[in-house]
Amino acid sequence: MRQHAAGEQPGRRTAAPGSDIWTGHAHNRVQWLLALGGLACLALGIQLAVASSWATGIAALAMSVVGLIAVGLLILFGTLAFLQVAVKVDKDHLEVRCGHVGLPRRRIPLDHVVDADFAPRVTPRQWGGWGYRWRPGIGTAVVVRRGEGLVLSLGDGRKFTVTVDDAESAVRHIRDRLKPTAAL
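Residues numbered from 1 in each chain as written. Predicted model: local features only at pLDDT ≥ 70, side-chain atom pairs only at ≥ 80, totals over all residues. Heavy atoms only, no water.

Engineer: Please clarify how the overall build of the chain should be interpreted in this entry.
Structural biologist: The helix and strand inventory of the chain stands at four helices and ten strands. Listed N to C, the secondary structure of the chain is β-β-α-α-β-β-β-β-α-β-β-β-β-α in terms of helices and strands. Within the chain, the proportion of its 184 residues that are buried is 41%. Sequence separation of 24 or more characterises 54% of the internal contacts of the chain that already satisfy a separation of 6 or more. A total of about 10300 Å² of accessible surface is found on the chain, and carbon and sulfur atoms cover 62% of it. (Helix = DSSP H or I, 4+ residues; strand = E, 2+ residues; numbered from the N terminus. Buried < 20%, exposed > 50% of the residue type's maximum accessible area, 1.4 Å probe, protein only. Contact = heavy atoms within 4.5 Å. Areas by Shrake-Rupley, 256 points an atom, 1.4 Å probe, with all protein chains shown as cover.)

Engineer: Help me out: how do you make sense of the environment of lysine 88 in this one?
Structural biologist: Among the structural elements, lysine 88 can be located in strand β3 (residues 84-89). The spacing of lysine 88 and arginine 107 is 19 residues in sequence and 9.4 Å in space, taken between C-alpha atoms. Once you skip the residues sitting within four places of it in the chain, lysine 88 turns out to touch Ile21, Trp22, Thr23, His93, Leu94 and Glu95.

Engineer: Is there a simple way to think about the packing of helix α1 (residues 31-51) against helix α2 (residues 58-80) in this case?
Structural biologist: A pair of packed helices is characterised by two quantities: the angle between their axes and the separation of those axes. As a packed pair, α1 and α2 sit with axes 7 Å apart at the nearest point and diverge in direction by 160°. Our classification of the angle between α1 and α2 gives roughly antiparallel. Considering how the two elements wind past one another, α1 and α2 form a crossing that is left-handed. Grouping the constituent residues of the contact of α1 with α2 by class yields 19 nonpolar, six polar and no charged. (Axes fitted to C-alpha atoms, helices over the stretch in contact; angles between N-to-C directions. Parallel < 35°, antiparallel > 145°, perpendicular 65-115°, else oblique. Left-handed = near helix turned anticlockwise from the far one by under 90°. Nonpolar A, V, L, I, M, F, W, Y, C, P; charged D, E, K, R; others polar.)

Engineer: Please clarify how the sheet that holds strand β10 (residues 159-163) should be interpreted in this entry.
Structural biologist: Neighbouring strands of a sheet are bound in pairs by backbone hydrogen bonds; such pairs are parallel or else antiparallel. In spatial order, the strands read β6-β9-β10-β8-β7; together these five strands make up an open sheet with mixed pairing. Lying at the two open borders of the sheet, with one neighbouring strand each, are β6 (113-122) and β7 (131-135). With strand direction ignored, the average angle separating the axes of adjacent strands in the sheet is 20°. Pairing of strand β9 (residues 147-154) with β10, which is carried by five bridges, proceeds in the antiparallel orientation. Opposite leucine 152, over in β10, you have phenylalanine 160 as the bridge partner. The strands that helix α4 (residues 167-177) touches are β6 and β9; relative to β6, the one it contacts most, it runs at about 175°. (Pairing = 2+ DSSP bridges.)

Engineer: How should unusual backbone geometry be read in this particular structure?
Structural biologist: Both trends apply: most residues other than glycine have a negative phi, and most peptide bonds are in trans. The phi torsion at aspartate 166 lies on the positive side, around 60°, for a residue other than glycine. Relative to the assigned elements, aspartate 166 resides in the loop between β10 and α4. Here aspartate 166 falls in the partly exposed class, since its relative accessible area comes to 24%.

Engineer: Would you explain α2 in this entry?
Structural biologist: The periodicity of an α-helix, 3.6 residues per turn, causes residues three or four positions apart to be oriented the same way. Along its 23 residues, α2 runs 33 Å from first to last C-alpha, staying within 8% of the 33 Å computed at 1.5 Å per residue. Looking at α2, one finds that the buried residues are Leu61, Val65, Gly72, Leu76 and Thr79. On its buried face, α2 sits against α1. (Expected span 1.5 Å × (residues − 1).)

Engineer: Looking at this structure, I do not really get the confidence of the model for the chain. What am I missing?
Structural biologist: A low pLDDT score tells you not to read the predicted coordinates there in detail. Considering every residue of the chain, the mean pLDDT works out to 82; 86% of them sit at 70 or more. Mean pLDDT across the elements of the chain bottoms out in strand β1 (residues 8-9) (40) and peaks in β10 (95). Counting interchain partners and residues more than four positions distant, the pLDDT-below-50 stretch residues 1-15 has 38 contacts. (pLDDT = per-residue confidence, 0-100.)

If you want it as structure tokens, here you go:
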């Protein structure tokens with residue numbers, strides 16, 4: 001059984017033998033700390049707006065309040081969107097949904113997939129952090145934690161990577177659904 005790093009939780013998956021649907025999840029509880037940092041910036045901005053005397057230095061105070069609130073909201077929503085990822089593979093598509101709301105979302109038709117590979121170690125460092133990432137020459141990725149991942153080779157030459165628990169079974173499930181002409 002795979003060891004999970006601090007803050008990681010194993011994903012749940014369902015793929016009954018002969019089933020047309022595979023689902024997998026990955027979580028990262030460490031990002032809650034970043035969300036708390038965003039919440040702190042937001043609270044500080046509100047506190048500054050309420051408790052400050054607006055009689056002098058209005059421009060500087062307004063910029064500070066707006067800046068703290070904006071940074072707080074960006075950090076808060078940016079981290080909450082990538083606390084978890086859900087991957088669903090049915091007979092025609094692979095769908096990746098992020099966060100509790102399911103946004104951002106990416107749906108890839110299996111007709112556009114040339115091959116699927118297992119990546120034993122995907123790290124936020126190789127992608128420049130957590131979240132929805134793009135790197136020239138490497139491809140696009142959804143990274144919510146370090147660990148195993150699924151790498152799709154698409155028909156246009158690009159690659160798409162997603163961190164998900166039990167990625168090996170996802171690879172087998174996708175390869176079983178690829179058209180024989182797509183594997184050439």
